[in-house]
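Secondary and tertiary structure notes
Given next are the chains, with one letter for each unit.
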Amino acid sequence: MNTLTTSPVITLLETLHRNAETSDRELMETMMARFNAPETSAEQVMAELLAQERT
């Protein structure tokens, strides 16, 4: 039996996934807007993101 597919575990994993999506929604929307902005390249956005992560 695969314990990852049992009811209590799958319910917990689905809840965790849903909570993570909710928590990250604003960040993902901001990042997508930055990636899609005509004045910004994907390389520029990634460089800025990496610079922020280093501080």
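By the naming in an unreviewed UniProt entry, the protein is O-methyltransferase, taken from Komagataeibacter europaeus NBRC 3261.

Across the interface, helix α1 (residues 7-36) lies against helix α2 (residues 42-54) with an axial gap of 8 Å and an inter-helix angle of 140°. As judged from the angle between their axes, α1 and α2 are oblique. The handedness of the crossing between α1 and α2 comes out as right-handed. Here α1 contributes Met31, Arg34 and Phe35 to the contact with α2, which in turn contributes Ala42, Val45, Met46, Glu48 and Leu49. Partitioning the contact of α1 with α2 into residue classes produces six nonpolar, no polar and two charged.

Here we take up the environment of Glu26. If you trace the backbone, Glu26 turns up in helix α1. Counting along the chain gives 26 residues from Glu26 to Gln52, while the straight-line C-alpha distance between them is 17 Å.

Rules used in this analysis
- Residues numbered from 1 in each chain as written.
- Predicted model: local features only at pLDDT ≥ 70, side-chain atom pairs only at ≥ 80, totals over all residues.
- Heavy atoms only, no water.
- Axes fitted to C-alpha atoms, helices over the stretch in contact; angles between N-to-C directions.
- Helix = DSSP H or I, 4+ residues; strand = E, 2+ residues; numbered from the N terminus.
- Parallel < 35°, antiparallel > 145°, perpendicular 65-115°, else oblique.
- Left-handed = near helix turned anticlockwise from the far one by under 90°.
- Contact = heavy atoms within 4.5 Å.
- Nonpolar A, V, L, I, M, F, W, Y, C, P; charged D, E, K, R; others polar.

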